[in-house]
Amino acid sequence: MHTPTASSRSLCICADDFGLSAGVNTAVIDLVERGIVCATSGMVRRRAWLAGARALRRLDAGTFDAGLHLDLTRPEVSGGPEPALTGLVARTWTRTAFAPGLRADIRDQFTRFEDAMHRAPAFVDGHRHVHQLPMVRELLVEEIVRRYGAAPPWLRHTAPGPGRGAERLKAGLIHALGAAGLSALAHRHGIPTSRRLLGVYDFEGDMQDHQQRLTAWIAASETGDVLMCHPSAGLTPGDPIGPARLREYAVLRDLVFPVRDADGAGEVVLAPLSHWLGAPPVEVPHRAAA
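Given the structure is predicted, the values throughout are model-derived calculations rather than measurements.

(A) Looking closely at the nonpolar core. Ile13 and Leu155 are the most contacted members of the largest nonpolar core, which totals 83 residues. When near neighbours in sequence (up to four residues on either side) are disregarded, Leu155 contacts Val124, Leu140, Val141, Ile144, Leu182, Ala186, Ile191, Pro192, Thr193 and Ser194.

Dropping the structure here:
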């Protein structure tokens, strides 16, 4: 981890989907140890979570943020395809989703995270950005306030960063899922949020394409931004973005921080967002697994 200077900006690179598979876990832990990734969000209901969390706990918590990747579109059968996101979007936007079931699922995922990591999540985001959907965001904020009071985790905001064409359109659609509502709700309850979300693309292209994207995202970053990534050291059966995960991992491994701006006037350093916010994760009593 590098210390910011007056001419530097700090960027949080967050690896999503920790716990999805052994390949994802291996890649994320390697990138954290290399000082390239400084946050990861865990899928606590997926098959590789518990083994991954044990490895994650052994790392220095001061160098990265471990968060909860709220997962509400899990496969009906382990290893099977995920349900389409459109069903959950329709039910939450029409407010016909079963609120008690959503509340119980959200609470269970927080508990699973705490039991595995022995601390509160440093932040919360959502698999497929579900944390910002109507109903979900209200229940999520309610649970954060109930559990953590004046020391809440930060929430990932999906305000788009710079982009063009299809990437800009996709970033705008993600934001439209409910980012404004989540941001307003978080502000009302004193819950900090990140600034912008970088790293949105269509998961297509080759390694050179991704290298160019990554260079552009880092160059455009500002302090408080989160750059999401999806690395993996291996393919997972049924994973629609498996090849993209391999490319991302290969490109990320070559990153070296700090990254100098093209004009030499400044640099980008890597830092967990909790360092910028001044809010370390809260220790919680360890509960023995049932």
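Let's pick the thread back up.
(B) Expanded view of the layout of surface pockets. What the largest pocket holds in volume is close to 790 Å³. Forming the walls of the largest pocket are 37 residues, and the residues nearest its centre are Asp17, Glu82, His127, Arg128 and Arg245. For the lining of the largest pocket, the secondary-structure elements that each account for two or more residues are β1 (8-18) and α6 (165-176). Residue contributions to the lining of the largest pocket peak at 3 residues, all from α6. Classifying every residue of the lining of the largest pocket by side-chain character gives 14 nonpolar, 11 polar and 12 charged.

(C) Main features of the packing of helix α4 (residues 99-117) against helix α5 (residues 136-148). Remark: α4 packs on α5, axes separated minimally by 10 Å, with the N-to-C direction vectors making an angle of 45°. As judged from the angle between their axes, α4 and α5 are oblique. Handedness of the α4/α5 crossing: right-handed. Seen from α4, the contacting residues are Ala99, Leu102, Arg103, Ile106, Arg107, Phe110, Thr111 and Glu114; seen from α5, they are Val136, Leu139, Leu140, Glu142, Glu143, Ile144, Arg146, Arg147 and Tyr148. For the contact of α4 with α5, a count of residues per class yields 9 nonpolar, 1 polar and 7 charged.

(D) Region of the structure containing the packing of aromatic side chains. In this structure the tally under the stated criterion is 6 aromatic pairs. Geometrically, the ring pair formed by Phe110 and Tyr148 is tilted, given 5.9 Å between the ring centres and 55° between the ring planes. Taken as a pair, Phe110 in helix α4 and Tyr148 in helix α5 lie far apart in primary sequence, 38 residues in all. Each member of the pair, Phe110 as well as Tyr148, carries the same accessibility label: buried. Through successive ring pairs, a cluster of aromatic residues spans Phe18, Trp49 and Phe113.

(E) Highlighting the side chain of Asp239. Here Asp239 shows up in the loop between β7 (226-229) and α9 (242-252). Look at Asp239 and you get buried, because its relative accessible area is 17%. A distance of 2.5 Å separates polar atoms of two side chains, one belonging to Asp239 and the other to Arg245. If near-sequence neighbours (up to four positions away) are discounted, Asp239 is found in contact with Leu20 and Arg245.

(F) Representation of the packing of helix α2 (residues 49-57) against α4. Direction vectors running N to C along α2 and α4 enclose 45°, while the axes themselves pass 9 Å from each other. Considered as vectors, α2 and α4 are oriented oblique to each other. Here the hand of the crossing between α2 and α4 comes out right-handed. Residues Trp49, Leu50, Ala53, Leu56 and Arg57 of α2 lie in contact with α4, whose contacting residues are Arg112, Phe113, Ala116 and Met117. Considered class by class, the residues forming the contact of α2 with α4 number 7 nonpolar, no polar and 2 charged.

(G) Broad picture of the pattern of salt bridges. Within this structure, the stated rule accounts for 27 salt bridges. A salt bridge links Asp261 to Arg9; the shortest N-O distance between them is 2.8 Å. Taken together, the residues span a long stretch of sequence, with Asp261 in the loop between β8 (259-260) and β9 (267-270) and Arg9 in strand β1 at a distance of 252 residues. As far as burial versus exposure is concerned, Asp261 and Arg9 are alike and both buried. Between Asp17 and Arg245 there is a salt bridge, with its nearest N and O atoms 3.0 Å apart.

(H) Representation of the side chain of Glu143 in the model. Along the chain, Glu143 falls in helix α5. Within the structure, the side chain of Glu143 is placed 2.8 Å from the side chain of Arg107, a separation counted as a polar contact.

Rules used in this analysis
- Residues numbered from 1 in each chain as written.
- Predicted model: local features only at pLDDT ≥ 70, side-chain atom pairs only at ≥ 80, totals over all residues.
- Heavy atoms only, no water.
- Core = buried A, V, L, I, M, F, W, Y, C linked by side-chain atoms within 4.5 Å.
- Buried < 20%, exposed > 50% of the residue type's maximum accessible area, 1.4 Å probe, protein only.
- Contact = heavy atoms within 4.5 Å.
- 1 Å grid on protein atoms, 1.4 Å probe; cavity = no way out; pocket = protein on both sides within 12 Å on 5 of 7 lines; lining within 4 Å.
- Points joined across faces, edges and corners; volume = space filled by probe spheres on them.
- Helix = DSSP H or I, 4+ residues; strand = E, 2+ residues; numbered from the N terminus.
- Nonpolar A, V, L, I, M, F, W, Y, C, P; charged D, E, K, R; others polar.
- Axes fitted to C-alpha atoms, helices over the stretch in contact; angles between N-to-C directions.
- Parallel < 35°, antiparallel > 145°, perpendicular 65-115°, else oblique.
- Left-handed = near helix turned anticlockwise from the far one by under 90°.
- Phe/Tyr/Trp six-rings, centres within 6.5 Å; stacked < 30°, edge-to-face > 60°.
- Polar contact = N/O pair within 3.5 Å; in protein donor to acceptor, adjacent residues only side chain to side chain.
- Salt bridge = Lys/Arg side-chain N within 4 Å of Asp/Glu carboxyl O.

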